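Take a look at the letters that make up each chain.
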2 protein chains.
Amino acid sequence: MSLKHAILGLLTIQPMTGYDLKHLAFDSTIAHFWRADQAQIYRTLDSMEGEGLLTSDLRIQSERPSKRVYAVTEAGQAELLDWLRQPQSPPVYREPFLVQVFFAGMLTDAEILAHIQAHIEVHRATLSQYHDIAIPAHDDGTERDRLFWGMTLELGIALEHTYLAWLEKWQQTIRERSLTGDDSLG
Amino acid sequence: MSLKHAILGLLTIQPMTGYDLKHLAFDSTIAHFWRADQAQIYRTLDSMEGEGLLTSDLRIQSERPSKRVYAVTEAGQAELLDWLRQPQSPPVYREPFLVQVFFAGMLTDAEILAHIQAHIEVHRATLSQYHDIAIPAHDDGTERDRLFWGMTLELGIALEHTYLAWLEKWQQTIRERSLTGDDSLG
DNA sequence: CTCTTATATAGGACTTGTCTGTTATTATAC
DNA sequence: GTATAATAACAGACAAGTCCTATATAAGAG
């Protein structure tokens, strides 16, 4: 489970609550390579404390609801270091849109072009979000840390560019084929 | 569930057994965008027949074990067409290796370079498998079908090139930093 | 003569992740 | 005055996918 190790890494940098992990990390800093559901974060924190990887400290606040701040134990540190050294396989790639493209022979040119246009818009939006992450990434950590943070973001940006280039190329190709009157179902 | 719709699409092209779906499709033709577990394929076929999307025909063979050939019903065709027209969101990207890179500040240069090297090898192997798919893709279907099949494969190849370019760039960067004696933990 | 591979199907247990709903307080917007 | 958003935590139910195992036959390798 990489979620467990992502949490260990994040809490090593800074002890936090489940709420902060969700909002400051999984929804922003590391959103480009590991999103996590709120319920899953809380459940994982609870089980990790049970495993002795984390300790928690309940802080009663006067103006806000009480919060539970988690920190990494020595066992947690050891577990993280061990995992960071293990080779990881790339994830299995599963893309519903490619299933649609593969069977797009059953759709008209107009229908598949609409899907392509929608994906162009989604990927452009993702790309512009990534450019927003780029700036706050410089506020903490050593120079070497920031190098690796930038490295992850750079892949995210490069992948989005690849998607966009592919989408725009085929948008063009299908439009041209459509005009020259090849069998287009549309 | 895209698996269900991938099965509907594949069985529309050619009625098949679960075994053939696994070996001829999910492990080869469409492996670059949708892999599926054998047990999951059989379970899904069974539930889809229960939903009336498929019919099956048990063929007793003399020289091999009996097999069950599945075909798409009219309801299945309608379901597929409907799904193909619905917009799909891109999948959530989750990459364990990027978790390692993000926290690579805790590793030595040698350790992270070893991971990078391993990923370069995996992605080169994937890329060469994709080039093998490219040729058999021309044996069936209309010209328009093959256009879309090629479109899916082209994304797979482009994504692998992006990974490799990124890996090789950072391999170089980290090696150079290591030699110039910046704080490398190694 | 035994072992492995290919053909063919399927169950059990489990992990990971998703979606929805609940509870509670304070601050802000309309 | 009322509604919504932010802060804070967590349970229930489910969906999707993984891993391991069982069963059976036949062909081919050693």
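What counts and what doesn't
Throughout, residues of each chain are indexed from 1 in the direction in which the sequence is written. Chains carry letters from A onward and ligands carry numbers from 1 onward, assigned in written order. Side-chain atom pairs in this predicted model are given and counted only at pLDDT of 80 or more, local residue features only at pLDDT of at least 70, and totals for whole chains, interfaces and linings cover all residues. The basis for the side-chain values is all heavy atoms of the structure; hydrogens and waters are excluded. Put simply, a residue is near a molecule or strand once any heavy atom of it comes within 4 Å of that molecule or strand. A 3.5 Å cut-off defines polar contacts: any pair of N or O atoms within that distance qualifies, except that in protein one atom must be a possible hydrogen donor and the other a possible acceptor, and neighbouring residues in sequence count only when both atoms are side-chain atoms. A run of H or I in DSSP becomes a helix once it reaches four residues, and a run of E becomes a strand once it reaches two; helices and strands are each numbered from the N terminus. Note that Gly is not counted as nonpolar here; it falls among the polar residues with everything else outside the nonpolar set of Ala, Val, Leu, Ile, Met, Phe, Trp, Tyr, Cys and Pro and the charged set of Asp, Glu, Lys and Arg. The domain limits used here are those given by an automatic or database domain assignment. Contact between two residues is taken to exist if any of their heavy atoms lie within 4.5 Å; hydrogens are not considered. Accessible area, probed at 1.4 Å, shrinks when two parts are joined; the buried area is that loss added up over both. Salt bridges are counted wherever a side-chain nitrogen of Lys or Arg sits within 4 Å of a carboxyl oxygen of Asp or Glu. Copy-to-copy superposition: least squares on the C-alpha atoms, limited to residues that have pLDDT of at least 70 in both copies. Whether two aromatic rings pair depends on their centres lying within 6.5 Å, for rings of Phe, Tyr and Trp, where Trp uses its six-membered ring; planes under 30 degrees apart make the pair stacked, over 60 edge-to-face, and the rest tilted. The criterion is that NZ of a Lys, or CZ of an Arg, lies within 6 Å of the ring centre and within 35 degrees of the ring normal, and then a charge sits over that ring. Here the nonpolar core consists of buried residues drawn from Ala, Val, Leu, Ile, Met, Phe, Trp, Tyr and Cys, with membership extended through side-chain atoms lying within 4.5 Å. Each residue is placed in one exposure class: buried if its accessible area under a 1.4 Å probe, protein chains only, is under 20% of its type's maximum, exposed if it is over 50%, and partly exposed if it falls in between. Lines fitted to the C-alpha atoms define the axes, with helices restricted to the stretch that makes contact. Angles between their N-to-C directions range from 0 to 180 degrees. Geometric relationships in this document are graded by angle, where less than 35 degrees denotes roughly parallel, more than 145 denotes roughly antiparallel, 65 to 115 denotes roughly perpendicular, and other angles denote oblique. By this rule, a helix spans an expected 1.5 Å times one less than how many residues it contains.

**Description of the protein's contact with DNA strand C**
So, point 1. Surrounding DNA strand C, one finds 22 residues, the nearest of these being Gln40 of chain A together with Tyr19, Tyr42, Arg43 and Arg68 of chain B.
So, point 2. In DNA strand C, atoms within 4 Å of the protein come from the sugar-phosphate backbone in 60% of cases.
So, point 3. Taking Arg43 of chain A, its side chain carries an N or O atom lying 3.1 Å from a base oxygen of DNA strand C.
So, point 4. One of the side-chain N or O atoms of Tyr19 of chain B is found 2.6 Å from a phosphate oxygen in DNA strand C.
So, point 5. Secondary-structure elements contributing two or more residues to the surface near DNA strand C are helix H3 (38-50) of chain A together with helix H2 (18-29), helix H3 (38-50) and strand S2 (67-72) of chain B.
So, point 6. Here the surface near DNA strand C takes four residues from H3 of chain B, the largest share from any one element.
So, point 7. When its residues are assigned to classes, the surface near DNA strand C shows eight nonpolar, six polar and eight charged.

**Some words on the domain arrangement of chain A**
All names here are of chain A.
So, point 1. Domain annotation of chain A identifies domain 1 (2-85) and domain 2 (96-179).
So, point 2. Distance from the C-alpha centre of domain 1 to the C-alpha centre of domain 2: 30 Å.
So, point 3. Taken together, the contact between domain 1 and domain 2 spans five residues of the former and five residues of the latter.
So, point 4. Taken together, the two surfaces of domain 1 and domain 2 that pack against each other cover about 400 Å², and 69% of this comes from carbon and sulfur.
So, point 5. At the junction of domain 1 with domain 2, the criterion picks out zero salt bridges.
So, point 6. At the surface where domain 1 touches domain 2, the tally comes to one residue pair in polar contact (both at pLDDT 80 or more).
So, point 7. Considering only residue class, the side of domain 1 that touches domain 2 consists of two nonpolar, three polar and no charged.

**A short note on the relation of the copies chain A and chain B**
So, point 1. Once chain A has been moved 0.0 Å along the axis and rotated by 180 degrees, it coincides with chain B to within an RMSD of 0.0 Å. Taken together, the turn and the small shift mark the pair as related by a two-fold rotation axis.
So, point 2. Take the interface residues of chain A: 100% of them recur as interface residues in chain B, which is what a same-surface contact looks like.

**Some points on the interface of chain A and chain B**
So, point 1. On the side of chain B, 73 residues touch chain A, which itself brings 73 residues to the contact.
So, point 2. Both sides of the chain A and chain B interface together cover about 7,100 Å² of buried area, and 71% of this is carbon and sulfur.
So, point 3. If you sort the residues of chain A by the area they bury against chain B, Phe102, Arg144 and Met151 of chain A come out on top, with a joint share of 12%.
So, point 4. Between Asp109 of chain A and Arg144 of chain B there is a salt bridge, with its nearest N and O atoms 2.9 Å apart.
So, point 5. Inspection of the chain A/chain B interface yields 33 residue pairs in polar contact (both at pLDDT 80 or more).
So, point 6. Among the elements of the structure, helix H1 (2-13), helix H4 (74-85), helix H5 (96-102), helix H6 (109-134) and helix H7 (143-179) of chain A are those that each provide at least two residues to the side of chain A that touches chain B.
So, point 7. In terms of residue count, H7 of chain A provides more of the side of chain A that touches chain B than any other element does, 20 residues in total.

**Points about the packing of aromatic side chains**
So, point 1. Summed over the entire model, instances satisfying the criterion amount to eight aromatic pairs over all chains.
So, point 2. Consider the rings of Phe102 of chain A and Trp149 of chain B, whose centres lie 5.5 Å apart with planes at 15 degrees: the pair is stacked. A residue pair is termed interchain when its members come from two chains, as with Phe102 of chain A in helix H5 and Trp149 of chain B in helix H7 (residues 143-179).
So, point 3. Here the aromatic cluster, defined as three or more aromatic residues joined through ring pairs, consists of Phe33 and Trp149 of chain A together with Phe102 and Phe103 of chain B.
So, point 4. Above the ring of Trp34 of chain A, the side-chain terminus of Arg94 of chain B is found at 5.9 Å from the ring centroid.

**A closer look at the nonpolar core**
So, point 1. Judged by nonpolar contacts, the single largest core of 106 residues is most densely connected at Phe26 of chain A together with Phe26 of chain B.
So, point 2. What Phe26 of chain B contacts, discounting residues up to four positions off in sequence, is Leu3, Ala6, Ile7, Leu10, Leu21, Ala31, Trp34, Arg35, Ala36 and Ile41 of chain B.

**Describing the protein's contact with DNA strand D**
So, point 1. By nearness alone, 23 residues border DNA strand D, and Tyr19, Gln38, Arg43 and Arg68 of chain A together with Gln40 of chain B come closest of all.
So, point 2. Among the atoms of DNA strand D close to the protein, meaning within 4 Å, 67% are from sugar or phosphate groups.
So, point 3. The separation between a phosphate oxygen of DNA strand D and a polar side-chain atom of Tyr42 of chain A is 3.0 Å.
So, point 4. One nitrogen or oxygen atom from the side chain of Arg94 of chain A is found 3.2 Å from a phosphate oxygen belonging to DNA strand D.
So, point 5. Put simply, the parts of the chain that give the surface near DNA strand D at least two residues each are helix H2 (18-29), H3 and strand S2 (67-72) of chain A together with H3 of chain B.
So, point 6. The element that contributes the greatest number of residues to the surface near DNA strand D is H3 of chain A, accounting for four residues.
So, point 7. A breakdown of the residues in the surface near DNA strand D according to their chemical character gives eight nonpolar, seven polar and eight charged.

**Digging into the packing of H1 of chain A against H2 of chain A**
Residues and elements named next belong to chain A.
So, point 1. Packing of H1 against H2 brings their axes to within 12 Å, and their N-to-C directions diverge by 100 degrees. One element, H1, and the other, H2, form an angle in the roughly perpendicular class. For the pair formed by H1 and H2, the contact residues are Leu3, Ala6, Ile7, Leu10 and Leu11 on the first element and Leu21, Ala25 and Phe26 on the second.
So, point 2. Of the residues in the contact of H1 with H2, the class split is eight nonpolar, no polar and no charged.

**Quick notes on H7 of chain A**
So, point 1. Look at H7 of chain A: 54 Å from first C-alpha to last across 37 residues, which is about the 54 Å you get at 1.5 Å a residue.
So, point 2. Where H7 of chain A ends, the next residue or the one after it, Gly181 of chain A, has phi of about 75 degrees, a positive value.

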